[in-house]
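# Tertiary structure, described
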Amino acid sequence: MTTHEYVRRVRRICVAFAPLAWIYAGASGAQEAPAVVEEVVVTASKKAHAESVQDVAFAVTAFGASQLETLNYKNISSLSYEMPNVSLESNSGTTAATANFSIRGLGINSTIPSIDPTVGVFVDGVYMGIVTGTLFDDFDLERIEVLRGPQGVLFGRNVTGGAVLLRTKAPGDTLEMTAHAAVETGPNYIGDASISGPLIPGTLSFKLAARHNEDEGWFENDFNGRRFGDSSQTVVRPALRWTPNDALDVILRTEHGEASGDGSANQNHALFPRDSFHFSNDAPGHNDTEWNQAFLESTLAVAPGDGVITNIVGWREFETSATVDVDSSPAAAFHGELAVDQSQFSEELRYSGRFGPAQVTTGIYYFQQDLLYLERRLLAQGLVDRAGGGDGDFSTAAVFAATDWSLSRAVTLNLGLRYTSERKRASISTLRAGGGSVAGGTLVPDFNGRDRWNDLSPRIGFQWTPAERTQLYASWSTGFRSGGFNFRNTDPGVAPGPFDSEKQRSVELGWKQDFAQRRARINVAVFRSEIDRLQREVNSPGALGITQVISNVGDATIQGAELEASLRATSDLTVAIQAGYLHGSYDSLHFDLNGDGRVNSVDESLELPRLAPWSYGASIAYDRLLGSFGELASRVSFNHRDASFFTDNNLGRLNDANMLNANVTLTPAGRATSFSVYATNLLDEVTFGGESILPNSPAFGAVPGGPLPTFSPLNKGRVVGAELRVKF
C-alpha cells in the first residue's frame, strides 16, 4: 500500500467514525442518566450457564432477537457487513443458498458439497454438514453468535476461521402469538407467524412457527427483458418442550422446508461492466430444494459440581437440484445441471460443572453423513455432454475437555484439548461421457478411495481481570479443516483425492472494557494465524469450461486486528463502530497457482483469496418516546469492505462495497404492534457471490483486448421494504 493510499484509507475510516466523537461530546452535557449498553449473553463456551460477551476470552459478536429485528434480518448474509473481518456471503452461482463464509481471511470459494468450510454453521447446537442450503431465509430466532478465530476444542473441525451459532426460540409456558408481514423491492412478499404456549402447564409446552415468502424477482434479464430471480420458500417448525421437574429440560425441534425458483443472476464481465446489474442469460435456470430435520436437546441438572449434562441429537436430510447458465451469455456455450442428496446424524454428550477453582466442560461427539453429488455439463450448444460426481460416507468421532482454572480472583488459566478421528470413503466419477445421469440419479465411478485423519487440537489461555469491568486475555490455539475428496473432478489427469487436512495455529491478544457505568464499551483483539497445508480449490479455464483442482498448495500466515465499540450517549441515542484489518501472505508454495507451468516467486506474490484488507463501519440508533403516540426507533448504518480476490490466480475478484442501511420503526403506545420502513444497500452497490474465470473464447463472449469472460453471481442491490409485527 502506498503512502497516498494509506492516508486516503485512514481519512475514510475517520469520516466513518466521526459521529462517535460528536455524540460523545454531546453526551457529556446530557441532563438525564443514560441506560447501559444492551447486553447479549452467549453460549459459545458450552458452560452450564450462558455468559456475557464481556466475560468470555475470545472475540465474539452476538445479536439478540430485538437486534435482529432492527437489522431486518433475513438470513445469515444479512449480517455480512456488520462485524470486523467477517464476510458471510452466498456463492449461489450453481446451487441456491450456498455459504462461502470467510472470517479473518480464512474462507472458501467453492460450491462443491464435499468441500468442508473454514467457518462452521451450527443450528441449535447441530453442525450443518455441507455449505449448500445453509442460507435460505431464516426466522423465529432467539440469538446469533459469530465467533472469530479457531474454535477447535469445543466445536471440532472446520472452524479454523470461526463459527456461526444460531439459536431458535424454544416453546414457552405462557401463551404467546406473533405475526409478521413484509413487502419489499422485487416485489418480495414475506409472512411468518408463531404460536407458543402450554399443553400441560408447567410440564409440557409447544410451539408452531411457519414462514412463507414469494419473490417475483429483483433483477431484469436483458436477454428477454423479463423480471428475473423468481423464488418461493416455505418453512414449518413444530417444537415440544418437556419439563417434568426442575432438573430436566427436553426440547424437540423439527423443521420441514421447501424452496424453488430461478437460477442465480449470473453476469459475464466480458459483456457487461462490473458496476452494473445488467446480464443476459439465455437460460433462466432453476433451483428446487427440500429438507427435513429433527433435533432433540436434553439438559439435566446434577449434583456433582452443581453441573449440567447436555445431550444433543441431530438428524437432517437435504435434497436439491438445479440448472444454471454458467457462461452467463445469450449463447448456450456452457449450461449445467446438478443434484445434491445429503443426510446426516450427530450426537454430542457433554458435562459442565464447577469443582472448587475449576470450571470444567467435557464431552464426546459423533457425526456421520452420506453425500451424493451429480453434475452434468453441456457445452457448444449441447454438442459436448459430460457427467460425473461423487458418492461418499463421512464420519467423525471426538472427545474434548476444557477448564477455566481460577488461580486467583483476577487471574484465570484456560486449558482445552480435543482429539478427533475422521474417516471418509468416496466413489467418484470424473466428468466424462457416460459418467452418470443427473436425471436418473446414477453414478459410474472411475475412482474409489478412502482415508483417515487424526488430530489433536489444544488451547492454552489466560484471563486477567484487574477491575470489575476490565478483561485482558491471551490465547494460543489450534484447529484443523478436514481432508477429503473432490466430487467435481474435471481433470482426468489429476486424482480427485485424497487431499490432506489443513492445520492452523493461532495467537490472540484481547482487551474488553466497559466504561462510564457501562454506558460505553470497547473490545479489541489482535491475532496471528499460521496455516499449514493450506487447502485450496484452484479454478482455471479448461476443456470443460472451468477446471477445479483441490490441493494442499502450501503454507501461509494471516495477521490482523479488530475493534468493536459502542456508546449509549443518552437513553435515546446509541452509536457503535467496528473496524478490522488483515494482512496475509504465502510462506511457501508447491502448486502452480497462476498456471504458467512454474512454481516460483510470482505465485508466492499472489494475494490470498477471500482476504479483504480493511473492513469498518459505524451505526447510530435513536429511540424516542412520543408520549401518547408511542415510541419511534431509528437506525442508520454505514459499513465498508475492501475488494478481495476470489480465485487463487487473482484473475477473479470481489468488488469493494459501501453498505448504507436505514430503519425506522413506530410502536404505538399500549400496543404490541410495530410498523417499520427500511432500506438496505441504499447506495445500490454491485456485489458478487463469487467470480470464476471462463475460457478466453468468442463462444464465451470474449473479444480481442477485452476483459476476461467470467461467471459471477450477482447479489441484490438497493432494497426498500415495509413490515408489520404483531404480538398477542
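Residues numbered from 1 in each chain as written. Predicted model: local features only at pLDDT ≥ 70, side-chain atom pairs only at ≥ 80, totals over all residues. Heavy atoms only, no water.

### Comments concerning the pairing of strand β23 (residues 384–406)
- Summarising the sheet, strand β22 (residues 358–379) and β23 pair through 22 bridges and their orientation is antiparallel. Paired with arginine 377 across the two strands is arginine 386, which belongs to β23.
- Between β22 and β23, which pair antiparallel and follow one another directly, the connecting turn spans four residues, one of which, alanine 380, has a positive phi of 55°.
- In terms of strand pairing, β23 meets strand β24 (residues 411–432) through 19 bridges, oriented antiparallel. By the bridge assignment, alanine 402 is partnered in β24 with glycine 416.
- What sits between β23 and β24 in their antiparallel hairpin is a turn of four residues. (Pairing = 2+ DSSP bridges. Helix = DSSP H or I, 4+ residues; strand = E, 2+ residues; numbered from the N terminus.)

### Structural notes on the pattern of salt bridges
- The full count for this structure, using the stated rule, is 44 salt bridges.
- Here arginine 641 and glutamate 89 are joined by a salt bridge, their closest N and O atoms 3.4 Å apart. Taken together, the positions of arginine 641 in strand β34 (residues 631–641) and glutamate 89 in strand β4 (residues 86–90) put the pair 552 residues apart, joining distant regions of the chain. As far as burial versus exposure is concerned, arginine 641 and glutamate 89 are alike and both buried.
- Via salt bridges that share partners, Arg104, Arg148, Glu508, Glu562 and Glu564 belong to a single interconnected network. (Salt bridge = Lys/Arg side-chain N within 4 Å of Asp/Glu carboxyl O. Buried < 20%, exposed > 50% of the residue type's maximum accessible area, 1.4 Å probe, protein only.)

### Examining the pairing of β34
- One ladder, built from eleven bridges, connects strand β33 (residues 614–625) with β34; its direction is antiparallel. Its bridge partner lying in β34, arginine 624 is registered against leucine 632.
- In this antiparallel pair of consecutive strands, β33 and β34, the connection spans five residues, and glycine 627 shows a positive phi of 65°.
- As paired elements, β34 and strand β37 (residues 657–667) share eleven bridges and run antiparallel to each other. Paired with serine 637 across the bridge in β37 is asparagine 661.

### What about the sheet that holds strand β8 (residues 126–127)?
- Strands sit in the order β3-β9-β10-β7-β8 across an open sheet of five strands; the sheet is mixed. The open sheet is flanked by β3 (59–64) and β8, the only strands paired with a single partner.
- Note: strand β7 (residues 119–123) against strand β10 (residues 162–168), five bridges, orientation parallel. Bridging from a neighbouring strand, valine 123 pairs with leucine 166 of β10.

### Points about the packing of aromatic side chains
- Across all of its chains, the model carries 13 aromatic pairs by this definition.
- Judged by centre distance (6.0 Å) and plane angle (75°), the ring pair of phenylalanine 219 and phenylalanine 279 falls under edge-to-face. Pair noted here: phenylalanine 219 is in strand β14 (residues 219–221) and phenylalanine 279 is in the loop between β18 (266–267) and β19 (286–302), with a separation of 60 residues, a long-range link.
- Overall, the relative accessible area of 10% leaves phenylalanine 219 in the buried class.
- Relative to phenylalanine 515, the ring of tryptophan 511 lies with its centre 6.4 Å away and its plane at 85°, an arrangement referred to as edge-to-face.
- Tryptophan 511 gets classed as partly exposed once you look at its relative accessible area, which sits at 30%.
- A connected cluster of aromatic rings, assembled from ring pairs, spans Trp218, Phe219, Phe228, Phe277 and Phe279.
- For lysine 46, the ring lying beneath its charged end belongs to phenylalanine 155, and the centroid distance is 4.4 Å.
- In this arrangement the basic side chain of arginine 104 is found over the ring face of phenylalanine 527, its NZ or CZ atom lying 4.0 Å from the centre. (Phe/Tyr/Trp six-rings, centres within 6.5 Å; stacked < 30°, edge-to-face > 60°. Lys NZ or Arg CZ within 6 Å of the ring centre and 35° of its normal.)

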